[in-house]
Amino acid sequence: MIVPFDPGGGSDILGRAMAAGLEEVRPGLNINVENRSGGSGAVGYSYLLEQRGDPHFLLASETAGVALPITTETPFHWTDYTPVAQIAEDATLLVVRQDAPYQSLPEVIEAAGAERVLVGVAGATGLDTIVTSLMEEDQGVEFERVVFESGGEIVAALLGGDIDIAMLNPGEVIGQLEAGDMRALVVFADERYEGEQLADIPTAQEEGVDVTFTQYRGLFAAGDISPEERSYWEEAILEWAETQSYDEYIERNYLISEIRAGQEFEEYLREYETTLEGVLGESGG
């Protein structure tokens, strides 16, 4: 199981959860998790590209797998792999400090139209950058971006007053939300969260901003494996999605359960790519 990012992040948690889950539903299966980070995920995806035809290599995939070929010169495109299944969606919250003057998303939009509003972002292909761009396009305003290396740095900058707003995954800020140091104004998803802790956060659409964008989390296998080998991994990951350990993974990481397998997952990735191309530029893949 290749994780194309460093240990400890969402992709690493995904890879280890899927590896343990596949071992759970397929007794005798032994999956080693290997972090191959670098190039915003490009190193890991390039390594999987080299394993073409070998069904023993898997990868914990998310937005970078589709976004990287759009923004950089990469040797791969997501169609070079075998998309097995999506198992979750990770939504983005717009968060502010507890003492921020903004009480709603429309107030943030209004401020952006009249003055500088600083938003922290991490990289060119991150959810924060994508959601910010979609919001600017939908509302005809412009935010001033401040680039950081990670979500952790953005959290620190927001708490320190160096930026005004941030777009972060729930897992990155749940501690600050629970402590009362931050407030979440909206979630950029089709529906509100069901869990108690986040159920009161309205969607952006409820606030009059037509922006929904979530990061998929799922499983890729190497390209050019046989239909039988693909079916093996599809059936196994779908079996895991019916278990308690899957439910615990979703709940613990504040994810949205969303299952798409095989052709349905491929169709979703095509639509996803179209959205990303509109935001990030013409495809380089």
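Refer to the structure above for everything that follows.
Residues numbered from 1 in each chain as written. Predicted model: local features only at pLDDT ≥ 70, side-chain atom pairs only at ≥ 80, totals over all residues. Heavy atoms only, no water.

Caption draft 1: Just the packing of helix α1 (residues 10–25) against helix α8 (residues 227–240), in detail. Interaxial distance between α1 and α8 falls to 9 Å at its minimum, and their mutual angle equals 100°. Classified by the interaxial angle, the pair formed by α1 and α8 is roughly perpendicular. In this structure, α1 contributes Ala17, Met18, Gly21, Leu22, Glu24 and Val25 to the contact, and α8 contributes Trp233, Ala236, Ile237, Glu239 and Trp240. Residue classes in the contact of α1 with α8 are distributed as eight nonpolar, one polar and two charged. (Axes fitted to C-alpha atoms, helices over the stretch in contact; angles between N-to-C directions. Helix = DSSP H or I, 4+ residues; strand = E, 2+ residues; numbered from the N terminus. Parallel < 35°, antiparallel > 145°, perpendicular 65-115°, else oblique. Contact = heavy atoms within 4.5 Å. Nonpolar A, V, L, I, M, F, W, Y, C, P; charged D, E, K, R; others polar.)

Caption draft 2: Quick look at the side chain of Asn253. Among the secondary structure elements, Asn253 is positioned in the loop between α9 (244–252) and β11 (256–261). A polar atom in the side chain of Asn253 sits 2.9 Å from the backbone oxygen of Tyr249. (Polar contact = N/O pair within 3.5 Å; in protein donor to acceptor, adjacent residues only side chain to side chain.)

Caption draft 3: Expanded view of the pattern of salt bridges. Taken as a whole, this structure holds 15 salt bridges when the rule is applied. The salt bridge partner of Glu144 is Arg116, with a shortest N-O separation of 3.0 Å. With Glu144 in strand β7 (residues 144–147) and Arg116 in the loop between α4 (105–114) and β6 (118–121), the pair connects residues that are 28 residues apart, well separated along the chain. Using a relative accessible area of 57% as the deciding quantity, one classes Arg116 as exposed. Here Glu234 ties to Arg230 by a salt bridge, and the two come within 3.2 Å at their closest N and O atoms. (Salt bridge = Lys/Arg side-chain N within 4 Å of Asp/Glu carboxyl O. Buried < 20%, exposed > 50% of the residue type's maximum accessible area, 1.4 Å probe, protein only.)

Caption draft 4: Spatial organisation of the packing of helix α6 (residues 151–159) against helix α7 (residues 170–179). Relative orientation of the contacting elements α6 and α7 amounts to 30°, with a least axis distance of 10 Å. Relative to α7, α6 is oriented roughly parallel. Remark: the crossing between α6 and α7 carries right-handed chirality. Contacts between α6 and α7 pair Gly151, Val155 and Leu159 from the former with Glu172, Val173 and Gln176 from the latter. (Left-handed = near helix turned anticlockwise from the far one by under 90°.)

Caption draft 5: Here's a closer look at α8. The end-to-end C-alpha distance of α8 is 20 Å, a good match for the 20 Å that 14 residues give at a rise of 1.5 Å each. Listed in full, the buried residues belonging to α8 are Arg230, Trp233, Glu234, Ala236, Ile237 and Trp240. Each buried residue of α8 sits inside an arc of 165° when the element is viewed along its axis, so together they form one side. With respect to the buried face of α8, the exposed residues turned more than 90 degrees away are Pro227 and Glu228. (Expected span 1.5 Å × (residues − 1). Arc of directions from axis to C-beta.)

Caption draft 6: Spotlight on the sheet that holds β6. The strand order across the open sheet formed by five strands is β7-β6-β8-β5-β9, and the pairing between neighbours is mixed. The sheet is open, and its two edges are formed by β7 and β9 (182–187), each paired on a single side. This sheet shows a mean twist of 30° between the axes of neighbouring strands, independent of strand direction. As paired strands, β6 and strand β8 (residues 165–168) are joined by two bridges and run parallel to one another. (Pairing = 2+ DSSP bridges.)

Caption draft 7: Here's a closer look at the pairing of strand β4 (residues 82–90). Burial analysis of β4 places nine of its nine residues in the buried class, which makes it a mostly covered element. Both β4 and strand β10 (residues 215–221) contribute to a ladder of seven bridges, which runs antiparallel. Bridge pairing in β10 links Thr82 to Ala221. With four bridges connecting them, β4 and β11 associate as antiparallel partners. Across the sheet, Ala88 pairs through a bridge with Ser257, a residue of β11.

Caption draft 8: Local environment of the nonpolar core. One finds Leu94, Phe143, Ile165 and Phe220 to be the most contacted residues of the largest nonpolar core, which totals 80 residues. Once you skip the residues sitting within four places of it in the chain, Phe143 turns out to touch Val108, Ile109, Ala112, Val117, Val119, Thr132, Met135, Glu136 and Ile165. By size, the runner-up hydrophobic cluster in this structure holds 22 residues, among which are Phe148, Val155, Leu168 and Ala189. (Core = buried A, V, L, I, M, F, W, Y, C linked by side-chain atoms within 4.5 Å.)

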